[in-house]
Amino acid sequence: LFRSHIGTTVDGAGLQVRSGNLVVDPAQPSRALFVGTLINPTDTDNALAGVAADTTVVSQASVDGSALLPAGVPVQFGYNAGLTLVLTSATGSFTPGTYVTMAFNLATGDPVRVDLLVKLAEGEYADVVVPSPTPTVTAAPEPTPVPSAS
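This structure is a prediction, so every number in the text was calculated from the model and none was measured.

Caption draft 1: A look at the pairing of strand E2 (residues 16–25). Most of E2 is tucked away: seven of the 10 residues are buried. Turn length for the strand E1 (residues 8–11)-E2 hairpin, with the two strands adjacent in sequence and antiparallel, is four residues. Following E2, the chain reverses through two residues before pairing antiparallel with strand E3 (residues 28–39). By the bridge criterion, four bridges tie E2 to strand E10 (residues 112–120) in an arrangement that is parallel. Each bridged residue has a counterpart across the sheet, and for asparagine 21 the counterpart in E10 is leucine 117.

Structure follows, in structure tokens:
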């Protein structure tokens, strides 16, 4: 895990995260857009199966677009990208300058955990528009066992 002013970088066995940040519009601080690149470093195609986060911080996460992660191909999310990952705050707003811990769950392989810095949509992110969430792939907290009917 490497954190810098340009974003978080993580090298997981099945997923690499490059320049990952969460960008929040000050007019709508309840939603944050993941801006960054995901890379599948393996020789086999994979897919983003969902996103897990602390439910005291994030109430919903949704991906709009294809969740496919082709082998060796960088997949951009957020600004000027075909894919969006929008998080909705469980507390009503995301606080710029703080980190949100989440995990990218893959169709095959272990989840990859990452701490993403929350930044305002200003400066280099001034043109970033944080869309309303579209629950195509809805994130969930860690799985909860379902009681049996018997």
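Caption draft 2: Local environment of the nonpolar core. Core analysis: the largest hydrophobic core is formed by 30 residues, its most contacted members being Phe34, Phe77, Leu85, Met102 and Phe104. Put simply, the parts of the chain that give this core at least two residues each are E2, E3, strand E4 (46–53), strand E5 (58–64), strand E7 (74–77), strand E8 (84–89), strand E9 (99–106) and E10. Once residues within four sequence positions are removed from consideration, leucine 85 is found in contact with Ala32, Leu33, Phe34, Val51, Ala61, Ser62, Val63, Phe77, Met102 and Phe104. Listed in part, the eight residues of the second largest apolar core include Val23, Val35, Val86 and Tyr125.

Caption draft 3: The environment of proline 111, seen in detail. Turning to its location among the elements, proline 111 is positioned in the loop between E9 and E10. Overall, the relative accessible area of 45% leaves proline 111 in the partly exposed class. Along the sequence, proline 111 and valine 51 sit 60 residues apart, while their C-alpha atoms lie 8.8 Å from each other. Look past the residues within four positions of proline 111 in its chain and what remains in contact with it is Ala103, Phe104 and Asn105.

Here is what the cut-offs are and how they apply
Residues numbered from 1 in each chain as written. Predicted model: local features only at pLDDT ≥ 70, side-chain atom pairs only at ≥ 80, totals over all residues. Heavy atoms only, no water. Buried < 20%, exposed > 50% of the residue type's maximum accessible area, 1.4 Å probe, protein only. Helix = DSSP H or I, 4+ residues; strand = E, 2+ residues; numbered from the N terminus. Pairing = 2+ DSSP bridges. Core = buried A, V, L, I, M, F, W, Y, C linked by side-chain atoms within 4.5 Å. Contact = heavy atoms within 4.5 Å.

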